[in-house]
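# Descriptive analysis of the structure
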Amino acid sequence: MEYAIIPAVALTTVCVLILMAVLLYSKSSGSAVQMQHVSQELERVVEGYRQELGNLLNRPALFSGELDDKSRSQVFENFYQVSNNLGYEADIYILNQNREVLLSNRWEPPSFLEVEPGVSWGLLGSMARQPGEVVIRLLDPWKGTATGIALGMAAADAQGGRGYVVFVISGGCFQPVLDRADMQTIITDRFGWVYASNNSNFINSSNQVVPELEQAQRYFSYEKHLYLVSRQKVYGDVFGIYVISDIQNIIFSLASSGTLIITALILMTLWVFISSKKVTEKKTRDFYCILEVMERARRGNLESHIQIESNNEFRFIADAYNEMIASLKQQMENNQKMAVLVAAAQNKQLESQFNPHFLYNTLENIRYMCSIEPSIAQKMVYSLSNLLRYSMDS
């Protein structure tokens, strides 16, 4: 039994492991494709707006507040053309060095721009400390809603005026890129604050990714589920992208299927073993029955017959043996009858040869006695006549 089931169980286990490896590889390939798509899209959009920042700073009198309507329209036209080309909408804010909004596509400036001159915290403070460099920040990420990416630069325009240019890209714009039913995708900043996500399973109440995800390796367990994680830094470590695939169902389904198959193999092997044992016992019994009858026949007892109730090859052997014994007995009876007939024929032949000689010799003796003892010859003739009469009657 063990020699039959061990290879089957081993083969089943190997097949389940191979199938698991194929499915996990498929999941990993899908995660890699999603990671590449999201990272390329994020880098394309951020780089496109960063280049537009540089183009705006080349305009004269950008921060002086002396832009005429045509120049304003040209600024908005170029900005919306970039937005349309990139496929992601954004808001534009141009501020002078006193942090007053000079130009915007929104009626009300956001709260993060309402910072007094000289205050060094927030986005404007970072821009003031790094003039001429693009500063990228998430806006109020702890709020968890309406989070956006702010790209800003503090610089001077072509006429020497100083100010700030800020673009704000809403996180909702990236939602179509992230929406995949079979994967969870999260975009964060370098501190783990979430910019955009298609699922909140791995985001805590502070709108940050959970520590388990930050410390996770390729595979990690979270809330009794097993996940496949892909992680990548984007745009000079400014952003982090997580692609998480739930592989719990794959593992559970394959384990359940393997267990069911192995259980079925064990049950089937047990059934085959029991059935084979019964068949073997029955055939062994029939075999010894045939041997016993043959042993009797070897000792001269031809009256025994083989009785096989099973409908198998031993039944055909038994029927053939019984027919052979019956034919043998019939042949023996025929041989006995033939022997009797042969003996009778031989007797007749001997009699047919004996009678003429006997009669000739007897007549010669009678003739001889007639010459020397007539009375005895008379008695001999009488006895001969009686003998011939008896022979004719029998």
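Provided above is the structure to which this section pertains.
Residues numbered from 1 in each chain as written. Predicted model: local features only at pLDDT ≥ 70, side-chain atom pairs only at ≥ 80, totals over all residues. Heavy atoms only, no water.

A count of helical and extended segments in the chain gives eight helices and 10 strands. When its C-alpha atoms are laid out on the principal axes, the chain stretches across 200 × 40 × 30 Å. Within the chain, the fraction of its 394 residues that count as buried is 36%. Within the chain, counting contacts between residues at least 6 apart in sequence, those at least 24 apart form 55% of the total. (Helix = DSSP H or I, 4+ residues; strand = E, 2+ residues; numbered from the N terminus. Buried < 20%, exposed > 50% of the residue type's maximum accessible area, 1.4 Å probe, protein only. Contact = heavy atoms within 4.5 Å.)

Another aspect to go through is the packing of aromatic side chains. One pass over the structure, following the stated rule, counts 13 aromatic pairs. Ring geometry for F220 and Y222: centres 6.4 Å apart, planes at 35°, overall tilted. With relative accessibility at 7%, the residue F220 sits in the buried group. Ring pairs connect the aromatic residues Y49, F76, F79, Y80 and F167, which therefore count as one cluster. (Phe/Tyr/Trp six-rings, centres within 6.5 Å; stacked < 30°, edge-to-face > 60°.)

Following the criterion strictly, the structure yields three salt bridges and no others. Between D91 and R106 there is a salt bridge, with its nearest N and O atoms 3.0 Å apart. One end of the pair, D91, is in strand β1 (residues 90–96); the other, R106, is in the loop between β2 (101–104) and α3 (122–129), and 15 residues separate them in sequence. Residue D91 is classed as buried on the basis of its relative accessible area of 14%. Under the relative-accessibility criterion, R106 is labelled partly exposed at 47%. (Salt bridge = Lys/Arg side-chain N within 4 Å of Asp/Glu carboxyl O.)

The terminal C-alpha atoms of helix α2 (residues 69–86), which comprises 18 residues, lie 26 Å apart, in line with the 26 Å expected from a rise of 1.5 Å per residue. Taken residue by residue, α2 has V75, F76, F79, V82, S83 and L86 as its buried positions. All buried residues of α2 lie within an arc of 125° about the axis, which places them on one face of the element. For α2, the exposed residues lying more than 90 degrees away from the buried face are D69, K70, N84 and N85. Looking one or two residues past α2, G87 carries a phi angle of roughly 85°, positive in sign. (Expected span 1.5 Å × (residues − 1). Arc of directions from axis to C-beta.)

Below, the discussion takes up the nonpolar core. If you look at the biggest cluster of nonpolar residues, it comprises 43 residues, and the most contacted ones within it are L42, Y49, I149, V165, I169 and F239. Of the residues forming this core, the biggest block, nine residues, is contributed by helix α1 (residues 2–57). Counting 15 residues, the second-largest nonpolar core is a separate cluster that includes Y93, L95, V115 and M127. (Core = buried A, V, L, I, M, F, W, Y, C linked by side-chain atoms within 4.5 Å.)

Looking now at the environment of G148. Looking at the element boundaries, G148 is found in strand β4 (residues 148–156). As a C-alpha pair, G148 and S385 span 237 residues in sequence and 157 Å in three-dimensional space.

Reading across the sheet, the five strands line up as β7-β6-β10-β9-β8 and stay open at both edges, with antiparallel pairing between neighbours. Unpaired on one side and paired on the other, β7 (194–197) and β8 (219–222) mark the two borders of the sheet. If you compare each strand with its neighbour and ignore which way they point, the axes differ by 30° on average. Sheet analysis places strand β6 (residues 184–189) next to β7, joined by three bridges and oriented antiparallel. Note that in β7 the partner of I186 across the bridge is S197. (Pairing = 2+ DSSP bridges. Axes fitted to C-alpha atoms, helices over the stretch in contact; angles between N-to-C directions.)

Quick look at a positive patch on the surface now. On the surface, R129, R137, R190, R231 and K233 cluster together into a positively charged patch. Position of R137 among the secondary structure elements: in strand β3 (residues 135–138). Its relative accessible area of 31% is what places R137 among the partly exposed residues. (Patch = residues over 30% accessible without salt bridge, like charges linked within 9 Å, V, L, I, M, F, W, Y side chains within 5 Å. Areas by Shrake-Rupley, 256 points an atom, 1.4 Å probe, with all protein chains shown as cover. Lys, Arg positive; Asp, Glu negative; His and termini not counted. Charge placed at Lys NZ, Arg CZ, Asp CG, Glu CD.)

Now for the sheet that holds β3. Read across the sheet, five strands follow the order β2-β1-β5-β4-β3 without closing on themselves; strand pairing throughout is antiparallel. Edge positions in the open sheet fall to β2 and β3, since each of these has one partner strand only. Taking the axes of each pair of neighbouring strands and ignoring which way they run, one obtains an average angle of 20° across the sheet. Taken together, the four bridges between β3 and β4 define a ladder with antiparallel strand orientation.

This brings us to the pairing of β6. Across a regular strand the side chains alternate sides, sitting on one face of the sheet and then on the other. Most of β6 sits inside the fold, with six of its six residues counted as buried. Residues Q184, I186 and T188 line one face of β6 and the alternating positions T185, I187 and D189 line the opposite face, and both faces are buried. Judged from the six bridges that link them, β6 and strand β10 (residues 239–246) form a sheet pairing that is antiparallel. Bridge pairing links D189 to F239 in β10.

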